[in-house]
Structure formats: C-alpha cells, structure tokens
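So the chains spell out like this:
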Amino acid sequence: RETVIPGADTELYPGDTVQTQADGRARVSMADGSTLVVRPNSTIIVRDNASEDDGKKTNVHVVVDSGQMYVRTEQQTGSTNNVVETPKTSNKLGSQTQASFGVNPEGTEEIRVNSGAIETTTSRNGEKTTFHGGEYVAVNPQGTLSQPQKLLDIPQPAQPRDLEKFFVEGTASANIALKWMRPQQGTAGFYKVEVATSPFFVDGGKVIERDQLSSSEFTASDLRPGVYFWRVRAIASSGQ
C-alpha cells in the first residue's frame, strides 16, 4: 500500500482509496464522464472504473466508506453502469442525475437526490426502491430506509455580501448581523450557524457555533479584526 499526494493528473484504479482530511476535498472524473466530489473528512474506494468499445460501454463502481460524496452523471447509454455503494445500500444512478450520499459515524446514512433518479437496494433484505429528484431518504443503523421526504433546500446567505468589509477603531471588536433566506423548498425546523477563520471550518478555526436557531438571522458578536467565513445549515424537524 502506498500513500500519494494527488495532483490534477493522478489516475485512480480499482482498489484505490481517496481520503480527505478536515481541510481537504477532491474532485474525480470517472470513465463514464461522471464527476465525484469527495467532501472533507471522507473516504471512498474505487471498485471499478472501466470503459470499453470506445466509451460506449462503461462500468463505474465506488464505495462511500465514511463521510460525504456528491455525484453528477452525464447522458448514459444502455450499457452504462454507475453504482455508488454504502455500508447499507447499493445505488444505481440514472442519466443526468445529481445526488449525494452521506455515511455518518453513528451508523446512519443519508441519500439526497437533487435531479434524475437512483435505484436503491438495501443490504439488509435486498429491497429495491427508486428515488427521484427532490427527494431525501435516511437510513437507520439497522439498514431500514425512511419514507422519502421533500428535499430541504439550502438557505441562501443574504447579508453580509461576499468580501464585504467592516471597519472598527483601534482594538475594538465588531458585531456583524448575519442574515439568510429561508429554504424555498421544504420547511426548516431550526438553523445552525458557524463562523470561522478557516474556509474549511476546521475545529481549530471555529470562533462561533450556534444551534437550534428559529430565526433567519443571527448576530456574530465580538469579532476581532481579521477575515471570517460563515455558513448556515437548515435542519427539518425530521432531522434532515
């Protein structure tokens, strides 16, 4: 086994593992033209990445061992096979599909289908279910799928604007109002806000973390001069 720091020309083969740390992410182009985005603190394994007959027949198979991975497929032919496996499911992706898969430390999993369709087979009993764009599914530690829910949209930041500057005098600190738009689709039960000095929001760089916020705004107080990043997550009452 060999560990390699990847570059733009790094090639992956069956059996290779991609692992990101808290401040890293990876983008991988597969043989069928699909794209994988491996998010921070994630591990995926390449099972197959083959192309035959001048690209008319392809077989892509990756495993999300931990963390989160986003997938986007292109137009597929009838002989194209694109599978994303998790510890509790096997998912066959259709043409022009965008989906993300999450494997959490507590043994639960999440599937989000932004567009297109996937056919999910559970490892527990082989049950097959098709999910379509705009749907979210949770998988409990026993491997049982929840009923599909309407996908909760991302709350879009509204204030402050990107790269906006605020001025303070001397050694004073600033109080900055953070505001965001409520999700256009789905209903948020509450919000979580993080402010950090790192764009990757590593633990050592977080300066503010607030959960269970019912309002769509929050004041970040006592910020010393510097550059800050912030993000907001909407969470539905179901836990999505």
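All chains use their own residue numbering, which begins from 1 and follows the written sequence. Local features in this predicted model are restricted to residues of pLDDT 70 or higher, and side-chain atom pairs are both shown and tallied only at a pLDDT of 80 or more, whereas totals for entire chains, interfaces and linings draw on every residue. Working from all heavy atoms in the structure, the side-chain values ignore hydrogens and water.

Novice: How should the pairing of strand β7 (residues 89-93) be read in this particular structure?
Specialist: On a regular strand, one side chain projects to one face of the sheet and the next to the other, so that they alternate. The buried label applies to any residue whose accessible area, calculated with a 1.4 Å probe on protein chains only, is under 20% of its type's maximum; exposed applies above 50%, and partly exposed to all values in between. Labels follow the DSSP assignment, with helices taken as runs of H or I lasting at least four residues and strands as runs of E lasting at least two, numbered in each case from the N terminus. Burial along β7 is one-sided: the face carrying T89, N91 and L93 is buried and the face carrying S90 and K92 is not. The criterion for strand pairing is that DSSP finds at least two bridges linking the strands in question. Where strand β6 (residues 80-85) and β7 come together, three bridges link them in antiparallel fashion. Among the inter-strand pairings, V83 is bridged to a residue of β7, identified as K92. Remark: three residues form the turn of the hairpin made by β6 and β7, two consecutive strands paired antiparallel. Pairing analysis gives five bridges linking β7 to strand β10 (residues 117-122), with the strands arranged antiparallel. Looking across to β10, one finds that T89 is bridged to T122.

Novice: I would appreciate a short explanation of the sheet that holds strand β18 (residues 217-223) in the present structure.
Specialist: Sheet strands pair by backbone hydrogen bonding; their relative direction is either parallel or antiparallel. Strand order in this open sheet of three strands is β14-β15-β18, and the pairing throughout is antiparallel. This sheet does not close on itself; its edge strands, each paired only once, are β14 (157-159) and β18. On average, adjacent strands in this sheet sit at an angle of 30° to one another, irrespective of strand direction. Where β14 lies against strand β15 (residues 174-180), two bridges are found, and the strand directions are antiparallel. By the bridge assignment for β15, Q159 is matched with K179. The axes are straight lines fitted to the C-alpha atoms, using for helices just the contacting stretch, and the angles between their N-to-C directions are given from 0 to 180°.

Novice: Looking at this structure, I do not really get the packing of aromatic side chains. What am I missing?
Specialist: Any aromatic ring pair is given by two values, namely how distant the centres are and how the planes are angled relative to each other. Side-chain rings of Phe, Tyr and Trp (the six-membered ring for Trp) are treated as a pair once their centres are within 6.5 Å; stacked means planes under 30 degrees apart, edge-to-face means over 60, and tilted covers the remaining angles. Counted by the stated rule, this structure contains two aromatic pairs. Judged by centre distance (5.5 Å) and plane angle (65°), the rings of W180 and Y191 are edge-to-face. Of this pair, W180 sits in strand β15 while Y191 sits in strand β16 (residues 190-196), and the two are eleven residues apart along the sequence. The burial state of W180 is the same as that of Y191; both residues are buried. Measuring from centroid to centroid gives 6.3 Å for W180 and W230, while their planes differ by 50°, and the two rings are tilted. With W180 in strand β15 and W230 in strand β19 (residues 229-235), this pair connects stretches of sequence that are 50 residues apart. Here W180 and W230 have matching classes, each one buried. The rings of W180, Y191 and W230 are connected pair by pair, giving a single aromatic cluster. By definition here, charges over rings are those cases where NZ of Lys or CZ of Arg is within 6 Å of the ring centre and within 35 degrees of the ring normal. One residue, R231, lies across the ring of F201, its end atom 4.1 Å from the ring centre.

Novice: In this structure, what is going on with the nonpolar core? I would like to understand it.
Specialist: The tendency in soluble globular proteins is for nonpolar side chains to be buried side by side. Counting 23 residues, the largest nonpolar core has L36, M69, V84 and F101 as the members making the most contacts within it. Broken down by secondary-structure element, the contributors of at least two residues to this core are β3 (35-38), β5 (57-72), β8 (98-103), β9 (109-115) and β12 (135-139). Apart from residues no more than four positions distant in its own chain, F101 is found in contact with V64, G67, Q68, M69, V71, V84, T86, N91, L93, E110, I111 and I118. To define a nonpolar core, start from buried Ala, Val, Leu, Ile, Met, Phe, Trp, Tyr and Cys residues and group those joined through side-chain atoms within 4.5 Å. L152, I208, L213 and A220 belong to the second largest nonpolar core, which has 18 residues in total. Any two residues whose heavy atoms approach within 4.5 Å are treated as being in contact.

Novice: Please explain the pattern of salt bridges as it appears in this structure.
Specialist: Salt bridge, as used here: a side-chain nitrogen of Lys or Arg that lies within 4 Å of a carboxyl oxygen of Asp or Glu. Using the criterion set out here, one finds nine salt bridges in the structure. Ionic pairing is found between R112 and E110, a salt bridge with its closest N-O pair at 3.5 Å. For E194, the salt bridge is made with K206, and the minimal N-O distance between the two is 3.1 Å. In this pair, E194 is assigned in strand β16 and K206 in strand β17 (residues 206-213), connecting sequence segments twelve residues apart. The exposure class of K206 is partly exposed, given its relative accessible area of 23%. It is possible to trace a salt-bridge network through shared partners that takes in K192, E194, D203, K206, E209 and R231.

Novice: Whenever I open this one, the sheet that holds β19 confuses me. Can you help?
Specialist: Strands sit in the order β17-β16-β19 across an open sheet of three strands; the sheet is antiparallel. On the outer flanks of this sheet lie β17 and β19, each paired with one strand and no other. Going from strand to strand, the sheet's axes swing by 10° on average, the running direction of each strand aside. The pairing of β16 with β19 spans seven bridges and is antiparallel. Across the sheet, Y191 pairs through a bridge with A234, a residue of β19.

Novice: What is the right way to read the environment of L36 from this model?
Specialist: Position of L36 among the secondary structure elements: in strand β3. For the pair formed by L36 and P183, sequence separation is 147 residues and the distance between their alpha carbons is 25 Å.

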